[in-house]
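Survey of secondary and tertiary structure
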Amino acid sequence: RLSKEALELQGLFRIEGNIMNRRSICSRLLQADLDLSIASNHELASILKMYLRDQPEALVPTENYDDFVSFMEYGLKDFVSPSNDIVDSPSTSGGGVTLTDTPLRLSMGAESSPQLQSARPRSTSGLPSAGNSALAMVNVSRKPKTRKGTIDKYLRDLILGLPEERRETFYILFPFLREVSHHSEKNMMSANNIARMFAPAIVRQDLASTGELVPSLEVMQFRLNRETRVVEYLISRAHRIFRDRATDQNV
């Protein structure tokens, strides 16, 4: 329904709709009542986002977190556009939001603080993230197209290795989110804005796995920025990362 009716709807995933309606719809869904006629498209989109966020674990399993964010080490900034921050402000119609372009700062170099250095990813695939042979190609290639292709395959292989229900969610969700982003001139939801909405549901650091009680604000912001960039890349490259879906489903 959303892909047919709501692609150009302003504030999709950001405007949440009526809270009482959302609660009623959630109750119906829990009872396997799939009659969603009372729901607005804003409410349906909000329920989808909230459902994913409310899961005990992000869509990317904790044990795969470092593998999914490790490609950030290899020049992602060269082909992910600057962010668009959502800023609440009055519009000419008396309400709404405007977007302002501001870079999403993400420093992972030697100048980073010790806290940020400790937040760098450690691959769980059996190799240090910087030693991954597939990703190492990204660091030496001077052609952005080649670098993106290598990262696309790396992420495609990671997703292929996920449990079936998680893999299927990726296959359905991200092509749809990319389609939404292609109507950003009307719906005001660029790939970056959508990534900000969905990042906590897709990939997030489990504090128990890091041994931290309460990370510093600097580390928390660093991780959130990195996770948002990962999701933004998955959205913007969904047509490439998931192009072999038919083959993957037969594995």
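Residues numbered from 1 in each chain as written. Predicted model: local features only at pLDDT ≥ 70, side-chain atom pairs only at ≥ 80, totals over all residues. Heavy atoms only, no water.

**A closer look at the overall build of the chain**
Definition in use: Here a helix means four or more residues in a row that DSSP labels H or I, a strand means two or more in a row labelled E, and each is numbered from the N terminus. Any residue under 20% of the maximum accessible area for its type is buried, any over 50% is exposed, and the rest in between are partly exposed; the area is computed with a 1.4 Å probe on protein chains only. Any two residues having at least one pair of non-hydrogen atoms within 4.5 Å are treated as being in contact. Each accessible area is a Shrake-Rupley result for a 1.4 Å probe, and residues are judged covered by the shown protein chains and nothing else.
Each helix and strand in the chain was counted, giving 14 helices and two strands. A buried classification covers 44% of the 251 residues belonging to the chain. Within the chain, contacts between residues separated by at least 24 positions form 74% of all contacts whose residues are at least 6 apart in sequence. Of the accessible surface of the chain, which amounts to about 13400 Å², a share of 53% is contributed by carbon and sulfur atoms.

**Some words on helix α8 (residues 164–181)**
How we decide: To estimate how far a helix should extend, the number of its residues minus one is multiplied by 1.5 Å.
The end-to-end C-alpha distance of α8 is 26 Å, a good match for the 26 Å that 18 residues give at a rise of 1.5 Å each. Those residues of α8 that sit buried are Arg166, Arg167, Glu168, Phe170, Tyr171, Leu173, Phe174, Phe176, Leu177, Arg178, Val180 and Ser181.

**Quick word on the packing of aromatic side chains**
The geometry of an aromatic ring pair is captured by the separation of the ring centres together with the interplanar angle, meaning the angle of the planes. Rule in force here: Pairing of aromatic rings covers Phe, Tyr and Trp, the last counted by its six-membered ring, and requires centre-to-centre distances within 6.5 Å; plane angles under 30 degrees mean stacked, over 60 mean edge-to-face, and any other angle means tilted.
Tallied over the entire structure, the rule returns six aromatic pairs. Plain terms: the ring middles of Phe13 and Phe198 are 4.9 Å apart, the flat faces sit at 85° to each other, and that makes the pair edge-to-face. With a gap of 185 residues between them, Phe13 in the loop between α1 (2–5) and α2 (19–30) and Phe198 in helix α10 (residues 191–202) connect regions that are remote in the sequence. Seen in terms of ring centroids, Phe170 and Phe174 are 5.3 Å apart; in terms of plane orientation they differ by 15°. Their pairing is stacked. Highlighted residues: Phe170 and Phe174, both in helix α8, separated by four residues, approximately one helical turn. For Phe174, a relative accessible area of 0% corresponds to the buried category. An aromatic cluster is present here, built from Phe68, Phe170, Tyr171, Phe174 and Phe242 joined pairwise through their rings.

**Topic: the nonpolar core**
Basically, it comes down to this: To form a nonpolar core, buried Ala, Val, Leu, Ile, Met, Phe, Trp, Tyr and Cys residues must be joined to one another through side-chain atoms within 4.5 Å.
Ranked by size, the top nonpolar core spans 48 residues in total, and within it Phe13, Leu155, Phe170, Phe174, Leu177, Phe198 and Ile202 carry the most contacts. Secondary structure elements with two or more residues in this core: α3 (41–53), α4 (65–69), α7 (144–160), α8, α10, α12 (217–236) and α13 (238–241). Discounting residues that sit within four places of it in the chain, Phe198 has contacts with Phe13, Lys49, Leu52, Leu173 and Leu177.

**Digging into the confidence of the model for the chain**
Keep this limit in mind: Confidence of the predictor in every single residue is expressed as pLDDT, which spans 0 to 100.
Here the chain averages 73 in pLDDT, and 64% of its residues register 70 or above. Confidence drops under a pLDDT of 50 for residues 136–141, and excluding neighbours within four residues, the segment shows nine contacts in the predicted structure. In the predicted structure, residues 246–251 sits below a pLDDT of 50 and forms five contacts with residues beyond four places in sequence or in another chain.

**Brief notes about the environment of Ala201**
Considering the arrangement of structural elements, one finds Ala201 in helix α10. Accessibility expressed as a relative area gives 1% for Ala201, which makes it buried. Remark: the alpha-carbon pair of Ala201 and Arg53, spanning 148 residues in sequence, is separated by 4.3 Å. Apart from the residues lying within four places of it in its own chain, the contact partners of Ala201 are Leu52, Arg53, Ala58 and Leu59.

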